[in-house]
Amino acid sequence: MLALKRIRYEKSERVILRNMTIEFEDGKIYAMLGNNGVGKSTLAGIIMGLENYREHTGELYLDDISLKDLGVFERAKLGITLALQEPVRFEGITIDEYLNLGGKLRLSQDEIAEALKLVGLSKEYLGRYVDSTLSGGERKRVELASIVLIKPKIVILDEPDSGIDIMSNEMIKAVVGKLKKAGSTVIMITHREEIAMMADEAYLMCGGRLLASGTPQEIVAFYKKLCDSCDHINKPESEKIRGGEAK
Amino acid sequence: MIESNYQREFEKIAEYYEKSGGDASRFLRRDIVSIIVSGDKVIGRNTVEGVELKAKGLENGVEIWLEVKDGIQVENPIHLCTGYLKPEGTQLVLIHTKLGKAAKANFLSHCVFPNGKEFTHRMISDIELSESAKMSYEDVHFHSKDGGVTVEAIYNAHLGEKSVFRNTFHLTKTRVGKLKVEMKVNLDKEAVAEIESKVYEKQDDYVEIIEELNLNGERSSGIAKSVVFATDSSKARIINRAYGNAPYARGHIECKEIVKGGNVNVGTIPELYVKDEKAELTHEASIGRMNVKQLETLMAKGLTENEAIELIVKGMLK
């Protein structure tokens, strides 16, 4: 289980996460919903231990292991990984090398081809570079293939559908399904209904805190009713409804 | 073909040539233009129809003349291999290359100095491309582990109308020692040039790179790019320079220096000079640590920081 206890993160005197406490159970699929700027990607950065998100208070545990003093690599060794909303590009590194992590994963061509097929890319992509010659959607697909091949214990997918055409929801569903089948805990950061509906549980974030939790259907309904056309982002206290529509 | 009394010397050079990524068997093929220099001797050479190849020994090196005649398109890359097996000494290599009208040739040059402790290699290459000629020149170096090699590689190219030239210098697999690379290209009307240097510095290596584009002809265009990965206590000075001297000339210069280690000392100076109001020059330069997002992306997948750096650098210097 991944547990976050009273996580508080500030940047430039602005509070991004306010004493957030949340637990993610093994093997479950979670959706974190919320408008832009409510702290969803910050949460991802804190769980992964990224450099810009190390200065926070509160505790993080993976099972009984404190993550607080562990860097990105140490967390990855424990099975945590992250797919960024906008994956970076790498000059001169082929998709084959990237998916194989420069040979460290020792994957067979068949395993790689299978992962590429899952994300809708052919074997012909293996020799292409993970650079600006790939479209945003192609780069995103490569990243999802990479996540599948890593077989993580916990993966955070930050907006897995961004940059990918709306017709590709089935592909994302297949990726999430594959990860679930492999026993991974998947935390999806999204504000798309179709993506949130793939989850077992959903949370609504606003103002750096959890506003509501429940089934994806409940949280999506809550989100659509109150957040879709929100004029007071990050000021949920001005909203009178509390827990009525959602748990 | 290899001179019979230099067979063993060739074998030794070939061994290091292959370590630097070359395929030595190509020196034995009759359909491939090749020349092998060891010290101050030409120990092997071959040419094909339409390519004139001459060489003579100098006091401390060799002088080579290579001409591809008008209209000749050389199918296989022309292989040049310059070796020096002794630990001390000096080697001067003068190369005069000319491509006739609409001629085309690709060159693959490997310089292997595997034992250099106090060794200096100086190469001066004059390149003349006639109208519509196309040439690429890739220079790959393999030096000793001691850092005792000093290399000066000077390229002066004149590109005739509508000719195309690509020149790359790579020293990424071994110690550098002391290195000076100077590439100067003069472009006539509608000529195109792409020049690039990629170097991986270690320990107390020192690198100086000057890349210069003289865009003298109307609608000529060029890119000059340097990539240096500096580690430990290495030093680098890079100058990328472009002159826009004619209408609609377009040039871009780019320098990327990535540093790792508390004692590196690197610098870059972009220089752009425009003498025609219709010319357009741009530049891009960056110096600093490795891109953190790239590092973290790979580390989040289970690579250590050093493994991630190796993979990123390998890609950048490829």
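- Naming follows an unreviewed UniProt entry, where chain A appears as ATP-binding cassette domain-containing protein of Kosmotoga arenicorallina.
- Per UniProt, chain A has the following entry under Sequence similarities (unreviewed entry): "Belongs to the ABC transporter superfamily."

### Details of the overall build of chain B
Inference 1: Looking only at helices and strands, chain B has three helices and 19 strands in total.
Inference 2: When its C-alpha atoms are laid out on the principal axes, chain B stretches across 55 × 50 × 35 Å.
Inference 3: Per-residue burial for chain B yields a buried fraction of 55% across its 318 residues.
Inference 4: The long-range fraction of contacts in chain B, counting pairs at least 24 apart against all pairs at least 6 apart in sequence, stands at 76%.
Inference 5: With an accessible surface of roughly 13,300 Å², chain B has 44% of that area assigned to carbon and sulfur atoms.
Inference 6: Side chains of chain B give 44 positive and 49 negative charges; the mean places of these two sets differ by 2 Å.

### Brief notes about the confidence of the model for chain A
In regions of low pLDDT, the predicted coordinates are not meant to be interpreted in detail.
Inference 1: The predicted model of chain A averages 90 in pLDDT, with 92% of residues at 70 or higher.
Inference 2: Ignoring residues within four places in sequence, the model shows residues 240-247 of chain A, a span with pLDDT below 50, making 13 contacts including any to other chains.

### With respect to the sheet that holds strand β18 (residues 265-274) of chain B
Residues and elements named next belong to chain B.
Inference 1: The strand order β3-β4-β6-β8-β10-β12-β14-β16-β18 describes an open sheet built from nine strands, whose pairing is mixed. Every other strand in the sheet has two partners, leaving β3 (51-58) and β18 as the edge strands with one partner each. Going across the sheet, the axis of each strand differs from the next one's by a mean of 5°, ignoring polarity.
Inference 2: Where strand β14 (residues 206-215) lies against strand β16 (residues 235-244), 10 bridges are found, and the strand directions are parallel. The residue bridging V207 from the neighbouring strand is A236, located in β16.

### Description of the packing of aromatic side chains
Inference 1: The final tally for this structure, using the stated rule, is 13 aromatic pairs over all chains.
Inference 2: Taking 6.3 Å as the distance between ring centres and 25° as the angle between the ring planes, the aromatic pair formed by Y30 of chain A and Y203 of chain A counts as stacked. Here Y30 of chain A is found in strand β3 (residues 29-33), whereas its partner Y203 of chain A is found in strand β9 (residues 201-206), with 173 residues between them in sequence.
Inference 3: We classify Y30 of chain A as buried; its relative accessible area is 1%.
Inference 4: Considering the side-chain rings of Y200 of chain B and F229 of chain B, the 4.9 Å spacing of their centres and the 65° angle between planes classify their relative orientation as edge-to-face. On the criterion of sequence distance, the pair formed by Y200 of chain B in strand β13 (residues 192-201) and F229 of chain B in strand β15 (residues 221-231) is long-range, its members being 29 residues apart. In terms of burial, Y200 of chain B and F229 of chain B fall into one category: buried.
Inference 5: Ring pairing ties together the aromatic residues F24, Y30 and Y203 of chain A, which thus form one cluster.
Inference 6: A cation over a ring is seen here: K202 of chain B above Y200 of chain B, with NZ or CZ 4.1 Å from the ring centre.
Inference 7: Between the NZ or CZ atom of R219 of chain B and the centre of the ring of Y248 of chain B, over which it lies, the distance is 4.4 Å.

### Considerations on the side chain of S162 of chain A
Inference 1: Here S162 of chain A shows up in the loop between β7 (154-158) and α6 (169-181).
Inference 2: Here S162 of chain A is in contact with Q85 and K140 of chain A, once residues within four sequence places are set aside.

Calculation notes
- Residues numbered from 1 in each chain as written.
- Chains lettered and ligands numbered in written order.
- Predicted model: local features only at pLDDT ≥ 70, side-chain atom pairs only at ≥ 80, totals over all residues.
- Heavy atoms only, no water.
- UniProt positions renumbered as here; feature names shortened; annotations may be inferred.
- Helix = DSSP H or I, 4+ residues; strand = E, 2+ residues; numbered from the N terminus.
- Buried < 20%, exposed > 50% of the residue type's maximum accessible area, 1.4 Å probe, protein only.
- Contact = heavy atoms within 4.5 Å.
- Areas by Shrake-Rupley, 256 points an atom, 1.4 Å probe, with all protein chains shown as cover.
- Lys, Arg positive; Asp, Glu negative; His and termini not counted.
- Charge placed at Lys NZ, Arg CZ, Asp CG, Glu CD.
- pLDDT = per-residue confidence, 0-100.
- Pairing = 2+ DSSP bridges.
- Axes fitted to C-alpha atoms, helices over the stretch in contact; angles between N-to-C directions.
- Phe/Tyr/Trp six-rings, centres within 6.5 Å; stacked < 30°, edge-to-face > 60°.
- Lys NZ or Arg CZ within 6 Å of the ring centre and 35° of its normal.

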